[in-house]
Amino acid sequence: MVTLLAKRLVQSCLILLGVAAITFVLLYALPADPARMLAGRSATAQTVENIRRELGLDQPLLSQFLHYLGNLVQGDLGRSYAQKTEVATLIAARLPATLTLMAAGIFVEVLLGLTFGIVAALNRGGAIDRIVMASAFVGVSAPQFVVALLLLYVFAATLGWFPMSGYGTAAHVVLPAMTLGILGAGWYARMARSAMIDVLNQDFIRTARAKGLSGRRVVLRHALPNAILPIVAMIGIDIGQFMGGVVVVEAVYGWPGIGQLAWQAIQQVDIPIIMGVTLTSAFAIIVGNLVADLIAPMIDPRIRSH
């Protein structure tokens, strides 16, 4: 286990280095000029050049990247061009909101996905199976802003059950979590259905049924623990995705997470914040997958034996 963990940590460092390099090059390949954005349209060429020199943007790209890596190793994500604040401080201030939305969204999508996936698997080939799979396809295909606006119109504007936007109470998190849950539940339902069908055809399931165990016990005690492994891996990926990939949902609901921070930074070409959010999301994906790898042996003893 120690050897595996050490190997994964080395791989994680290499992945973060690759993400940092690719993102850095892509951002500086953009036609937008951060110095011009900060100086304003009426600024003179000399003013823009002074700002570029102050930010270190006049240095060769390799020198800028090595300087950034040197600071990154020391835990310094840089300083925001526009807000004049440490990027780490800005991200830390937004993390509680993002983590709250992430936990609620994952809970909703896993609950819905597992429930409908198991129901579809138990009714394989029937009308319920087709309805669930069609609904899953619609869910994963629907644009985020459409689902968000529809939920806002029905449950906030028309029925008045939840607030239109904001952050701070349990009522504020319901609609954003439902939006993410509906969109993500389709993937979980399809994965759960496939895994459950595969497990239900295994010999140990037939043995359990031959012993006279009830159908509910066979599904919950024997089939589900073996079918849940792909779900655990998907949760690890979703952790990173929700850290920075829910920009639209956060914008519609006025949710003050790091996704909204990234969107504001993109509009201002604030490269340090974009780099910081990207690396934070990549780190979250790596940690999520590592945790999933550590949890999987606890669920399935066969993996632990291997």
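Residues numbered from 1 in each chain as written. Predicted model: local features only at pLDDT ≥ 70, side-chain atom pairs only at ≥ 80, totals over all residues. Heavy atoms only, no water.

Our next topic: the pattern of salt bridges. Enumeration according to the criterion identifies 3 salt bridges in this entry. For R79, the salt bridge is made with E86, and the minimal N-O distance between the two is 3.4 Å. Classification of R79 as partly exposed rests on a relative accessible area of 45%. Here D129 ties to R193 by a salt bridge, and the two come within 2.8 Å at their closest N and O atoms. Of this pair, D129 sits in helix α6 (residues 127–141) while R193 sits in helix α8 (residues 170–200); the two residues are 64 residues apart in sequence, bridging distant segments of the chain. For the pair D129 and R193, a shared accessibility class is recorded, and that class is buried. (Salt bridge = Lys/Arg side-chain N within 4 Å of Asp/Glu carboxyl O. Buried < 20%, exposed > 50% of the residue type's maximum accessible area, 1.4 Å probe, protein only. Helix = DSSP H or I, 4+ residues; strand = E, 2+ residues; numbered from the N terminus.)

So, about unusual backbone geometry. Glycine aside, negative phi is the norm for most residues, and most peptide bonds take the trans geometry. Of note, the phi angle at K84 is positive, near 55°, even though the residue is not glycine. Among the secondary structure elements, K84 is positioned in the loop between α4 (61–73) and α5 (87–122). Here K84 falls in the partly exposed class, since its relative accessible area comes to 48%. Despite not being glycine, V269 has its phi angle at roughly 50°, a positive value. In this structure, V269 sits in the loop between α13 (258–268) and α14 (271–299). According to the relative accessible area criterion, V269 is buried, its value standing at 9%.

Quick look at α13 now. I258, G259, Q260, L261, A262 and A265 are the residues of α13 that are buried. At the exit of α13 stands V269, carrying a positive phi of roughly 50°.

Let us now look at the packing of helix α7 (residues 144–158) against α8. It is at 10 Å that the axes of α7 and α8 come closest, and there the two elements cross at 135°. By the criterion of interaxial angle, the relationship of α7 to α8 is oblique. The two elements α7 and α8 cross, and the hand of that crossing is right-handed. From α7, Q144, V147, A148, L151, L152, F155 and A156 reach across to α8, where they touch L175, M178, T179, L180, I182 and L183. (Axes fitted to C-alpha atoms, helices over the stretch in contact; angles between N-to-C directions. Parallel < 35°, antiparallel > 145°, perpendicular 65-115°, else oblique. Left-handed = near helix turned anticlockwise from the far one by under 90°. Contact = heavy atoms within 4.5 Å.)

Throughout the structure, instances matching the rule amount to 4 aromatic pairs. Taken together, the ring pairs connect F24, F65 and Y68 into an aromatic cluster. (Phe/Tyr/Trp six-rings, centres within 6.5 Å; stacked < 30°, edge-to-face > 60°.)

Across the chain, pLDDT averages 80, with 91% of residues at or above 70. Looking at the elements of the chain, mean pLDDT is at its lowest for helix α15 (residues 301–305), recorded as 47, and at its highest for α5, recorded as 87. Predicted confidence for residues 301–306 stays below pLDDT 50, and this span has 6 contacts to residues more than four positions away or in other chains. (pLDDT = per-residue confidence, 0-100.)

If you add up the space inside the largest pocket, you get close to 450 Å³. L55, H67, R79, Y81 and P272 are, among the 21 residues lining the largest pocket, the residues nearest its centre. The residue inventory of the lining of the largest pocket, partitioned by class, reads 10 nonpolar, 8 polar and 3 charged. Size it by volume and the second largest pocket reaches roughly 310 Å³. Around the second largest pocket sit 14 residues that line it, and L16, L72, L77, L279 and F283 are the ones nearest its centre. Of all the secondary structure elements, the ones that give two or more residues to the lining of the second largest pocket are α1 (2–28), α4 and α14. Broken down by class, the residue content of the lining of the second largest pocket amounts to 10 nonpolar, 3 polar and 1 charged. (1 Å grid on protein atoms, 1.4 Å probe; cavity = no way out; pocket = protein on both sides within 12 Å on 5 of 7 lines; lining within 4 Å. Points joined across faces, edges and corners; volume = space filled by probe spheres on them. Nonpolar A, V, L, I, M, F, W, Y, C, P; charged D, E, K, R; others polar.)

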